[in-house]
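# Working through the structure, step by step
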Amino acid sequence: GQQLNQSPQSMFIQEGEDVSMNCTSSSIFNTWLWYKQDPGEGPVLLIALYKAGELTSNGRLTAQFGITRKDSFLNISASIPSDVGIYFCAGPYFGNEKLTFGTGTRLTIIP
Amino acid sequence: DVKVTQSSRYLVKRTGEKVFLECVQDMDHENMFWYRQDPGLGLRLIYFSYDVKMKEKGDIPEGYSVSREKKERFSLILESASTNQTSMYLCAIAHEAMINEQFFGPGTRLTVL
């Protein structure tokens, strides 16, 4: 299947810090999605992006659909303990309805 | 609230056993999916179904089959479980018009000994 490169693989931050992660693909995507998975649970959709260049916010989360359609970014501002989990990017690469998922970014907050 | 339930949270089976994983939804969505999740590999699609009795292979269908006899229920079957099928299995659903915005169940962690 299609590969999505997600970085970083893991992050260790202190509460209150801002977080940035990104996802890149070798192929064009027409939709980018960001999911979060809490420990022991299934992923939950955070943000969906449908247009190149689109910038969308959901509370402290902001995501962008890259202008080349081959990348996307997720930022979390002022992190709090409940932000801990694994963040996945996903998208159906152009011409395919099946979702491809990134390998995930594991976020840990250091007390 | 969207409700996707999976029959077990944890399951332990022996090599060679036939294993059934069940997924039930209460949203009347057409599309249902089965993924497996392994560390460092993200989520990989095994099979999906866009209607009753319809199924399509995903990226890694080998060793698995599926059944969708009713709209609300999608079963994943391991005909003869093997140790390399030890994994977290996730069911997801999506509306026909929004196939990419998927809602996931809590997952079943399967261990094959």
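Residues numbered from 1 in each chain as written. Chains lettered and ligands numbered in written order. Predicted model: local features only at pLDDT ≥ 70, side-chain atom pairs only at ≥ 80, totals over all residues. Heavy atoms only, no water.

## Some thoughts on the overall build of chain A
Applied cut-off: Segments assigned H or I by DSSP are reported as helices when at least four residues long, segments assigned E as strands when at least two residues long, and all are numbered from the N terminus. Here the radius of gyration uses the C-alpha set of atoms, whereas the globule reference equals 2.2 Å times the residue count to the power 0.38.
When its secondary structure is counted, chain A shows 0 helices and 11 strands. Listed by position from the N terminus, the elements making up chain A come as β-β-β-β-β-β-β-β-β-β-β. Its C-alpha atoms give chain A a radius of gyration of 13 Å, near enough to 13 Å, the size a compact globule of 111 residues would have. For chain A, the spread of C-alpha atoms along the principal axes amounts to about 45 × 25 × 20 Å.

## Considerations on the sheet that holds strand S3 (residues 19-25) of chain B
Residues and elements named next belong to chain B. To be explicit about the condition: In this description, strands pair whenever DSSP reports at least two bridges between them. Angular values range over 0 to 180 degrees, each being the angle between N-to-C directions of two axes fitted as lines to C-alpha atoms, with helices fitted over their stretch in contact.
One open sheet accounts for 4 strands, arranged S1-S3-S8-S7; its pairing is antiparallel. Each edge of the open sheet carries a strand with a single partner, namely strand S1 (4-6) and strand S7 (65-70). Going across the sheet, the axis of each strand differs from the next one's by a mean of 20°, ignoring polarity. Taken together, the 3 bridges between S1 and S3 define a ladder with antiparallel strand orientation. In the strand pairing of S3, Thr5 is matched with Val24.

## Considerations on the state of the cysteines
All names here are of chain B. Heads up, the condition is: By definition, disulfides here are pairs of cysteine sulfur atoms that lie within 2.5 Å. Exposure is judged per residue with a 1.4 Å probe applied to protein chains only, and the accessible area is read against the type maximum: over 50% gives exposed, under 20% gives buried, and values in between give partly exposed.
The full count for this structure, using the stated rule, is 2 disulfides over all chains. Covalent S-S linkage joins Cys23 and Cys91, the inter-sulfur distance amounting to 1.9 Å. With the S-S dihedral at roughly -75°, the linkage between Cys23 and Cys91 falls on the left-handed side. Of this pair, Cys23 sits in strand S3 while Cys91 sits in strand S9 (residues 87-94), and the two are 68 residues apart along the sequence. Residue class for Cys23 comes out buried when judged on its relative accessible area of 0%. Overall, Cys91 belongs to the buried group, its relative accessible area being 0%.

## Let's talk about the layout of surface pockets
How we decide: In the cavity and pocket records, a cavity denotes points on a 1 Å grid over the protein atoms alone where a 1.4 Å probe fits but cannot get out, a pocket denotes an open set with protein on both sides within 12 Å along at least 5 of 7 lines, and lining residues are residues with an atom within 4 Å of a point. Grid points are joined across faces, edges and corners, and a volume is the space filled by probe spheres set on the points. Three categories are distinguished: nonpolar for Ala, Val, Leu, Ile, Met, Phe, Trp, Tyr, Cys and Pro, charged for Asp, Glu, Lys and Arg, and polar for the others, with Gly belonging to the last.
Counted as a void, the largest pocket has a volume near 540 Å³. For the largest pocket, the lining is made up of 26 residues, of which Gln37, Ile86 and Arg106 of chain A together with Gln37 and Pro39 of chain B are closest to its centre. For the lining of the largest pocket, the secondary structure elements donating two or more residues are strand S9 (85-91) and strand S11 (105-110) of chain A together with strand S4 (31-38) and S9 of chain B. Class assignment for the residues of the lining of the largest pocket results in 8 nonpolar, 13 polar and 5 charged.

## Quick word on the interface of chain A and chain B
Put simply, an interface is often sized by how much accessible area is lost when its parts join up. Our working rule: Should any heavy atoms of two residues lie within 4.5 Å, those residues are considered in contact. Joining two parts hides part of their accessible area as seen by a 1.4 Å probe, and the buried area is that hidden amount summed over both. Criterion for a salt bridge: a side-chain nitrogen of Lys or Arg within 4 Å of a carboxyl oxygen of Asp or Glu. Within 3.5 Å is the distance limit for a polar contact, defined as a pair of N or O atoms, with the added protein rule that one can donate a hydrogen and the other accept it, and that residues adjacent in sequence qualify only through two side-chain atoms.
Across the contact, 20 residues belong to chain A and 21 residues belong to chain B. Together, the buried faces of chain A and chain B total about 1,600 Å²; carbon and sulfur atoms form 54% of this surface. At the surface where chain A touches chain B, the tally comes to 1 salt bridge. Close ionic contact of Arg9 of chain B with Glu41 of chain A constitutes a salt bridge, the shortest N to O distance being 3.7 Å. Across the chain A-chain B interface, the total number found is 5 residue pairs in polar contact (both at pLDDT 80 or more).

## Comments concerning unusual backbone geometry
Residues apart from glycine generally show negative phi values, whereas peptide bonds are mostly found in trans. For the bond from Ser7 of chain A to Pro8 of chain A, the omega torsion is -5°, close enough to zero to count as cis. If you trace the backbone, Pro8 of chain A turns up in the loop between strand S1 (4-7) and strand S2 (10-14). Residues other than glycine seldom take positive phi values, yet Ala78 of chain A does so here, at roughly 50°. With respect to the element layout, Ala78 of chain A can be found in the loop between strand S8 (71-76) and S9. Phi angles above zero are rare outside glycine, and Lys53 of chain B is one such case at about 65°. Within the secondary structure, Lys53 of chain B sits in the loop between strand S5 (42-49) and strand S6 (56-57).

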